[in-house]
Amino acid sequence: MHSTDVIIIGAGAAGLMCARTAALRGRRVVLLDHANKPGKKILMSGGGRCNFTNMYTEPGNFLSQNPHFCKSALARYTQWDFIEMVAKHGVPYHEKKLGQLFCDNKSSDILQMLLDECDSAGATLRMDTRIENIEKLEHGYLLNTSAGPYQCQSLVIATGGLSIPTLGASGFGYQVARQFGHNVLPTRAGLVPFTITDQLKTLCGELSGTSVDCIASCNGTSFRENLLFTHRGLSGPAILQISSFWEAGDTVEINLLPDHDALAWLQQQQAERPNSELKTLLGEIFTKKMANLLAETWFVSKPMKQYTPAELAQVADKLGNWQLVPAGTEGYRTAEVTLGGVDTREVSSKTMESLKSPGLYFIGEVLDVSGHLGGFNFQWAWACAYAAAQFV
């Protein structure tokens, strides 16, 4: 029987941060994971550069059915606290845009920093260890694992969500939550590309690889970022962001002329350049290929002077308020986060401890807290892990 103070299940961002911080308090910490290597999602994040936090993190950057839940943890361990650790380890980084901080070199710098922190704090990491079952004891928990039985006072679930199953994601954390009486809110893929199956699919396929600045809107929320056409549909930061606010059957509105009032711009072009063709003018904003395809697919391209006011209004509406209903999303296979999860109304926002089963804690993506794209999900992992680590 292995006996310890704290067992953390899941060696991802939240689990490693919690292990390091709890061990610094002098707690005996064992971190268990079924994977062969820790931090796989850290390594692939940010295109291999790890967008490890965002300078403008605030509660408004997170989705949850209990929107106040994240406030306490985010206030107690801020982006500046994590940046201080990064600087202490000499990890070079830069701001890409909109407060997004990335490693100059590669994601492994952040993973190695966390592993070094765990090591120096005295936390024990055991990979390739399956959890077979968990039992509640009078004081603490008993885990039967592929490496033998473990007993602990505090058990932390840091197993993540369902996104990117090829990296080892599973619904294990939700099973544990249900076992101990927790409500698990319906889950779905977030920060994920849209798939298109109607006639638009041909347009998307032809424009695959083309990126364009836009404003994407759905259900009262808007993001201005780039849209990327793919063979399967639409991707890019604007689409990933808005996907978290979209549900099946909803219409997405896309403004392809975010710097212009579409109708006013077209009227101005008609007045100033009456002999220019529409596709020529669009070619000054979009790529020539995109301008030609839009002109052929959506409009009849002709000299500007030939458009009636009604036709011009139709062109403006398509460019400034393109409406589409995605067939679906690419699902958990490529989703960056899982929306939904363990109901935070049954978890302490101060300690991350279960209100149903003393000594059981939930941190990270397994909870019903999901951040916007841009480093916010990592900051939630650091903050909630730090919060739990003060009490485990």
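Keep in mind the model is a prediction, meaning the values are calculated, not measured.

### Remarks on the nonpolar core
Burial of nonpolar side chains together is a common tendency in soluble globular proteins. Ranked by size, the top nonpolar core spans 80 residues in total, and within it Ile110, Leu143, Leu155, Met352, Ile363 and Trp380 carry the most contacts. Considering each element in turn, this core owes the most residues, 11 residues, to helix α13 (residues 376–389). With near-sequence residues (within four places) excluded, Ile363 lies in contact with Ala14, Gly15, Cys18, Val156, Ile157, Ala158, Met352, Cys384, Ala385 and Ala388. Core analysis: the next-biggest nonpolar cluster, separate from the first, contains 43 residues, Leu200, Cys204, Leu281 and Met304 among them.

### Let's talk about the sheet that holds strand β15 (residues 233–235)
Across a sheet, paired strands are connected by hydrogen bonds in the backbone, their directions being either parallel or antiparallel. Ordered by their spatial adjacency, seven strands build an open sheet running β17-β16-β13-β14-β15-β12-β18, and the pairing between neighbours is antiparallel. This sheet does not close on itself; its edge strands, each paired only once, are β17 (322–324) and β18 (328–329). Across two bridges, strand β14 (residues 221–229) lies against β15 in antiparallel orientation. Following the sheet pairing, Phe229 is matched in β15 by Leu234. Against the sheet, helix α12 (residues 309–320) touches β16 (252–255) and β17, its axis set at about 110° to β16.

### Quick look at the UniProt feature "domain: RsdA/BaiN/AoA(So)-like Rossmann fold-like" (unreviewed entry) in the protein chain
UniProt records the feature "domain: RsdA/BaiN/AoA(So)-like Rossmann fold-like" (unreviewed entry) at residues 5–390, using the numbering of this structure. Along residues 5–390, the helical share is 32% and the strand share 25%, with 13 Å between the first and last C-alpha atoms.

### Some details on the pattern of salt bridges
Tallied over the entire structure, the rule returns 15 salt bridges. Close ionic contact of Glu117 with Arg20 constitutes a salt bridge, the shortest N to O distance being 2.8 Å. Of the two residues, Glu117 sits in helix α5 (residues 108–121) while Arg20 sits in helix α1 (residues 13–24), which places them 97 residues apart along the sequence. Taking relative accessible area as the criterion, Arg20 reaches 11% and is therefore assigned buried. For Glu117, the salt bridge goes to Lys88, with nearest N and O atoms at 3.1 Å. Taken together, the positions of Glu117 in helix α5 and Lys88 in helix α4 (residues 79–88) put the pair 29 residues apart, joining distant regions of the chain. Given a relative accessible area of 5%, Glu117 falls into the buried group.

### Observations concerning the packing of α1 against α13
Remark: α1 packs on α13, axes separated minimally by 8 Å, with the N-to-C direction vectors making an angle of 35°. In terms of crossing hand, the pair formed by α1 and α13 is right-handed. Along its contact with α1, which presents Ala13, Ala14, Met17, Cys18, Thr21 and Ala22, the element α13 presents Phe378, Ala381, Trp382, Ala385, Tyr386, Ala388 and Ala389. By residue class, the composition of the contact of α1 with α13 is 12 nonpolar, one polar and no charged.

### Some words on the domain arrangement of the protein chain
The assigned domain composition of the protein chain is domain 1 (2–189 + 338–390) and domain 2 (194–329). The distance between the C-alpha centroids of domain 1 and domain 2 comes to 39 Å. At the interface, nine residues of domain 1 touch 11 residues of domain 2. By the criterion of area lost to domain 2, the three top residues of domain 1 are Arg188, His372 and Leu373, representing 57% of everything that side buries. A salt bridge links Glu225 to Lys97; its shortest N-O distance comes to 2.8 Å. Our enumeration of links across domain 1 and domain 2 arrives at four residue pairs in polar contact (both at pLDDT 80 or more). For the side of domain 1 that touches domain 2, the class distribution of residues is five nonpolar, two polar and two charged.

Reading guide: rules and limits
- Residue numbers run consecutively from 1 along every chain, following the written order of its sequence.
- Under the rules for a predicted model, residues below a pLDDT of 70 receive no local features and side-chain atom pairs below 80 are neither given nor counted, while totals for whole chains, interfaces and linings still include all residues.
- To get the side-chain values, take all heavy atoms of the structure and skip hydrogens and water.
- Nonpolar cores are built from buried Ala, Val, Leu, Ile, Met, Phe, Trp, Tyr and Cys residues. Side-chain atoms within 4.5 Å join them into one set.
- Accessibility here uses a 1.4 Å probe with only protein chains present; expressed as a share of the type maximum, an area under 20% marks a residue as buried, one over 50% as exposed, and anything in between as partly exposed.
- Strands are runs of DSSP state E lasting at least two residues, helices are runs of H or I lasting at least four, and both sets are numbered from the N terminus onward.
- Whether two residues are in contact is decided by their heavy atoms, any of which lying within 4.5 Å being enough.
- Two strands qualify as a pair provided that DSSP identifies no fewer than 2 bridges between them.
- A fitted line through C-alpha atoms serves as each axis, taken over the contacting stretch for helices, and the angle formed by two N-to-C directions is quoted from 0 to 180°.
- UniProt positions are given in the numbering used here, feature names are shortened, and annotations may be inferred rather than shown by experiment.
- In the sections that follow, a salt bridge refers to a side-chain nitrogen of Lys or Arg positioned within 4 Å of a carboxyl oxygen of Asp or Glu.
- Handedness of a crossing follows from how the near helix is turned relative to the far one, being left-handed for an anticlockwise turn of less than a right angle and right-handed for a clockwise one.
- Classes in brief: Ala, Val, Leu, Ile, Met, Phe, Trp, Tyr, Cys and Pro nonpolar; Asp, Glu, Lys and Arg charged; the others, Gly included, polar.
- Domain segmentation is taken from an automatic or database assignment of domains.
- We define buried area as the total accessible area lost by two parts upon association, computed with a 1.4 Å probe and summed across both.
- Polar contact is the term for a pair of N or O atoms within 3.5 Å; when the atoms are in protein, one must be able to donate a hydrogen and the other to accept it, and sequence-neighboring residues count only if both atoms are side-chain atoms.

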